[in-house]
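Residue strings, one per chain:
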Amino acid sequence: MDVIWRHEAILDRLRGGERVAVAALAELVGTSEMTVRRDLDVLERDGLVRRVRGAAVGMLTGEETPYAARSRQRLDAKRRIAAAVASLLDDGETVVLDSGSTAVEVARELVDRRMTVLPLSLHAADVLRRADHVRLVLPGGDVRPGEFAFTGPLTEHAFRVMRFDTVVLGSCGLSARNGVSAHDLAEGAVKRAAIEASARVVAAIDGSKFGRTAFGRVCPVASIDVLVTDVGAPADELGRLRDAGVDVRVV
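Now for a description of the structure that goes with this document. This is a predicted model, so every value here is computed, not measured.

Every buried residue of helix H10 (residues 235-243) is accounted for by Glu237, Leu238 and Leu241. The buried residues of H10 occupy an angular sector of 100° when the element is viewed end-on, so they sit on one face. Across H10 from its buried face, at more than 90 degrees, point the exposed residues Ala235 and Asp243. On the buried face of H10, the contacting elements are strand S10 (173-175), strand S14 (226-229) and strand S15 (247-250). Just downstream of H10 lies Gly245, where phi reads positive at about 95°.

Turning to the environment of Phe210, a few remarks are in order. Its place among the elements puts Phe210 in the loop between strand S12 (198-204) and strand S13 (216-219). With 30 residues separating them in the primary sequence, Phe210 and Val180 have C-alpha atoms 9.6 Å apart. Residues in contact with Phe210, not counting those within four places in the same chain, are Leu174, Ile205, Leu227, Thr229, Ala233, Pro234, Glu237, Leu238 and Leu241.

Quick look at the sheet that holds strand S1 (residues 19-21) now. If you trace the three strands from one edge of the open sheet to the other, you get S1-S3-S2, paired in antiparallel fashion. The open sheet has two edge strands with one neighbour each: S1 and strand S2 (49-52). Strand-to-strand, the axes of this sheet are offset by a mean angle of 30°, without reference to chain direction. Note: S1 against strand S3 (residues 55-58), three bridges, orientation antiparallel. By the bridge assignment, Arg19 is partnered in S3 with Val57. Together, S1 and S3 form the strand contacts of helix H2 (residues 22-29), whose direction differs from that of S1 by roughly 70°. Against the sheet, helix H3 (residues 33-45) engages S2 and S3, with an angle of about 130° to S2.

Neither face of S14 is left uncovered, since the one carrying Val226 and Val228 and the one carrying Leu227 and Thr229 both have all their residues buried. Pairing analysis gives three bridges linking S12 to S14, with the strands arranged parallel. The residue bridging Ala203 from the neighbouring strand is Leu227, located in S14. The pairing of S14 with S15 spans four bridges and is parallel.

A full pass over the atoms with the stated rule returns zero disulfides. We note that Cys172 lacks a disulfide partner, and the nearest cysteine sulfur, in Cys219, lies 12 Å from it. By relative accessible area, which is 21% here, Cys172 ends up partly exposed.

Moving on, we come to the environment of Arg130. Examined against the element boundaries, Arg130 turns out to sit in the loop between helix H7 (122-128) and strand S6 (134-136). With 19 residues separating them along the chain, Arg130 and Val111 place their C-alpha atoms 8.0 Å apart.

This part is about the packing of helix H5 (residues 75-87) against helix H6 (residues 101-110). Running from N to C, H5 and H6 point in directions that differ by 50°, and their axes come no closer than 8 Å. Classified by the angle between their axes, H5 and H6 sit oblique to one another. Judged by the sense of rotation from one axis to the other, the crossing of H5 with H6 is right-handed. Where H5 approaches H6, its residues Leu75, Lys78, Arg79, Ile81, Ala82, Ala83, Val85 and Ala86 are matched on the opposing element by Ser101, Thr102, Glu105, Val106, Glu109 and Leu110. Among the residues making up the contact of H5 with H6, the classes are represented as eight nonpolar, two polar and four charged.

Procedures and definitions
Residues numbered from 1 in each chain as written. Predicted model: local features only at pLDDT ≥ 70, side-chain atom pairs only at ≥ 80, totals over all residues. Heavy atoms only, no water. Buried < 20%, exposed > 50% of the residue type's maximum accessible area, 1.4 Å probe, protein only. Helix = DSSP H or I, 4+ residues; strand = E, 2+ residues; numbered from the N terminus. Arc of directions from axis to C-beta. Contact = heavy atoms within 4.5 Å. Pairing = 2+ DSSP bridges. Axes fitted to C-alpha atoms, helices over the stretch in contact; angles between N-to-C directions. Disulfide = S-S within 2.5 Å. Parallel < 35°, antiparallel > 145°, perpendicular 65-115°, else oblique. Left-handed = near helix turned anticlockwise from the far one by under 90°. Nonpolar A, V, L, I, M, F, W, Y, C, P; charged D, E, K, R; others polar.

Dropping the structure here:
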């Protein structure tokens, strides 16, 4: 089990704030206690766990998983999704790149492309800032701590003065019934503004988000033109999305 999958397994086991012994975590991930202690040191620096004598306590007790944790989770699936999304984009396009860990993987796929990109997070902007052929446009606005996502009226104003070919949309939750949703209301407002300013909506959403509904409504599934997801997405939900007219791509 490589380091990324160990971290994901440890965080899943610690979710909810309970105390779990290092020995139990070592047995869970099939490695030595010394290796688990090193993993816990890394996770503690990111504020995801708290070390106690001979054990660890998870800090992920809220509804929204912090970006530092999400960036380690389901990386293989997110990278497959990102590659498929990039293949849908033509050189010369104007693209909005949503905030979130999957969008950062899409940004990595666009580094050598020729297009105009407006990223909605500093994480994605940092990936693209040295791309020779990408025209990088930043929207302005407030930057949400941790997520480093642009929010607020200045960010929304950018979409009143610009038009885009495609928005690559992320999500905290997706269901055929409730559509796309977001934990943060301010981020949800920015997502809606980006959708309204774009000719095409390509949703890049991994299978773990299906069936979830977060606090803030973003858009109904009818607003999605193409959905790119992974093989972990539930077949019944995918069927309902196809019935709603969404072009579903599974990678």
